[in-house]
Amino acid sequence: MDSDTKKLIRAVVRRVHPDLFTAHPFERQRNSDSLKALNSYVEQVARGITPRSTNVEFWVKDGEHLTRIDALLPSTGSLGPLFYAFSLITEEELKAGTGRDDVADTNFLEWLRDTVFEAVKIAEQHESLKLRIRESRANIEYKYQLASLQVGSEFAVGPLEQQRQIEALRVLDAVLATLISEEGASFAGLNFHVYHPDTCPLGAFGMHNNEDHYGLGAGHLMRSHVADDGCLHVVADRLGLREALKTMDLERARVLTKVTMFWLKRVRDLSPVLRELLGVQNVWCDTRTEQNSQNFVLWAGYILEQREEVARAVGSRQFTFSLLVHSDASSPMVDWSQSSSILQVSRPAAQGAAMPATPALPV
């Protein structure tokens, strides 16, 4: 078979491999499904069966942006439209039949199976492990009546890290069970974030430079501790986790958690009110820190104090975008792109800073 066709297929697979989209589960699944559809399409042709016209939807990365690429594989059994959609061949080459003759080659089918199978298998393994992690988290939350439980980084980049997350959850489960049965401890209502010892983040420490200026540095591995929002950040070390939990001030953690949950509840209460007032699809903010939640609530209060003025400005209009409120002082007050469905609004985080005038919503 023509080696150029193999090169073209490799070029497609390299750009859409599910492993590249770990942080984008929707696009990852789309690529995995389309690779399966591509494999099925070629198999029909190789068996002498007239294939159904098949639309494949792939996502590719263009720097930090994601771009969707669609291709309609025709019933004539040609991969030309796929190569053309990825700008791998010209329109003249497409019309000349590039990507058509090799599809019926059984050797090509076997090669494509080997090429696509590994990519699809890795994606399916990732989804299977992700489900195990989700079920394990839910089981531990329910068993010990935790307010929430997070594990590792926000996105696991591969099966190895996912396996570590599963192991971290297993260790946490065993240690909590032991402390409850032997020490009479209670962890109800607390938030946990557990890390595997091999993937826990670096801890921060204070330092002075040569000019005696104070700052923060990072170098040693994080130790189990109670964060300012009351969350228990713990390292799932079989030898050290039990002692770390026994020495933590759980009452302080509960008080801080109550304060954090108060601000989270205010965010949840105010978001739908703002959505209705502003006529947008949704109103969001980053609630990973208590400070962000407080900033959003203060911003929302300012908007609601001017409810009548805002209502007159918006009128009966309904907008198709959502509002993202953040505290990044380096960003413009209003950040809007015609190609985006999200309008970003900056709320100054500095205490005592004057609130800006209500931003005008784009029409």
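My aim in this report is to walk through the structure given alongside it, one point at a time.

Basis of the calculations
- Residues numbered from 1 in each chain as written.
- Predicted model: local features only at pLDDT ≥ 70, side-chain atom pairs only at ≥ 80, totals over all residues.
- Heavy atoms only, no water.
- Helix = DSSP H or I, 4+ residues; strand = E, 2+ residues; numbered from the N terminus.
- Buried < 20%, exposed > 50% of the residue type's maximum accessible area, 1.4 Å probe, protein only.
- Contact = heavy atoms within 4.5 Å.
- Phe/Tyr/Trp six-rings, centres within 6.5 Å; stacked < 30°, edge-to-face > 60°.
- Lys NZ or Arg CZ within 6 Å of the ring centre and 35° of its normal.
- Pairing = 2+ DSSP bridges.
- Axes fitted to C-alpha atoms, helices over the stretch in contact; angles between N-to-C directions.
- Salt bridge = Lys/Arg side-chain N within 4 Å of Asp/Glu carboxyl O.

**As for the overall build of the protein**
So, step 1. When helices and strands are tallied, the protein shows 10 helices and 12 strands.
So, step 2. Looking at the protein as a whole, 41% of its 363 residues qualify as buried.
So, step 3. Here the analysis covers contacts within the protein between residues at least 6 apart in sequence; of these, 59% occur between residues at least 24 apart.

**A short note on the packing of aromatic side chains**
So, step 1. Scanning all chains against the criterion turns up 5 aromatic pairs.
So, step 2. Judged by centre distance (5.3 Å) and plane angle (75 degrees), the ring pair of Phe-262 and Trp-263 falls under edge-to-face.
So, step 3. Judged by centre distance (5.2 Å) and plane angle (35 degrees), the rings of Phe-319 and Phe-321 are tilted.
So, step 4. Among the residues examined, Phe-319 registers a relative accessible area of 6% and is labelled buried.
So, step 5. Among the residues examined, Phe-321 registers a relative accessible area of 4% and is labelled buried.
So, step 6. Geometry around Phe-21 places Lys-61 over its ring, the cationic atom sitting 5.7 Å from the centre.

**Here we look at the side chain of His-326**
So, step 1. As for its placement among the helices and strands, His-326 is situated in strand 10 (residues 322-326).
So, step 2. Discounting residues that sit within four places of it in the chain, His-326 has contacts with Ser-331, Gln-344, Val-345, Ser-346 and Arg-347.

**Here we look at the sheet that holds strand 7 (residues 225-226)**
So, step 1. Ordered in space as 3-4-8-7, the 4 strands form an open sheet in which the pairing is mixed. Every interior strand has two partners, whereas the edge strands, strand 3 (148-151) and strand 7, have only one.
So, step 2. Packing against the sheet, helix 6 (residues 159-183) makes contact with strand 3, strand 4 (191-195) and strand 8 (232-235), and its axis sits at approximately 130 degrees to strand 4.

**Examining the pairing of strand 10**
So, step 1. For strand 10, a buried count of 4 out of 5 residues is recorded, marking the element as mostly surrounded by other parts of the structure.
So, step 2. In the sheet, strand 9 (residues 283-285) pairs with strand 10 via 3 bridges, with the strands oriented parallel. Bridging across to strand 10, Val-283 finds its partner in Leu-323.
So, step 3. As paired strands, strand 10 and strand 12 (residues 342-346) are joined by 5 bridges and run parallel to one another.

**Brief notes about the pattern of salt bridges**
So, step 1. Counted by the stated rule, this structure contains 13 salt bridges.
So, step 2. Residues Glu-57 and Arg-30 are paired through a salt bridge, measuring 3.6 Å at the closest nitrogen-oxygen approach. With Glu-57 in strand 1 (residues 54-62) and Arg-30 in helix 2 (residues 25-46), this residue pair connects regions lying 27 residues apart in the sequence.
So, step 3. For the salt bridge of Arg-254 with Glu-251, the shortest nitrogen-to-oxygen distance reads 3.3 Å. Pair noted here: Arg-254 and Glu-251 are both in helix 8 (residues 250-278), with a separation of 3 residues, about one helical turn.
So, step 4. Glu-251 sits in the exposed class, given a relative accessible area of 53%.
So, step 5. Each of Glu-182, Glu-183, Arg-242, Glu-243 and Lys-246 takes part in a single network of salt bridges with overlapping partners.

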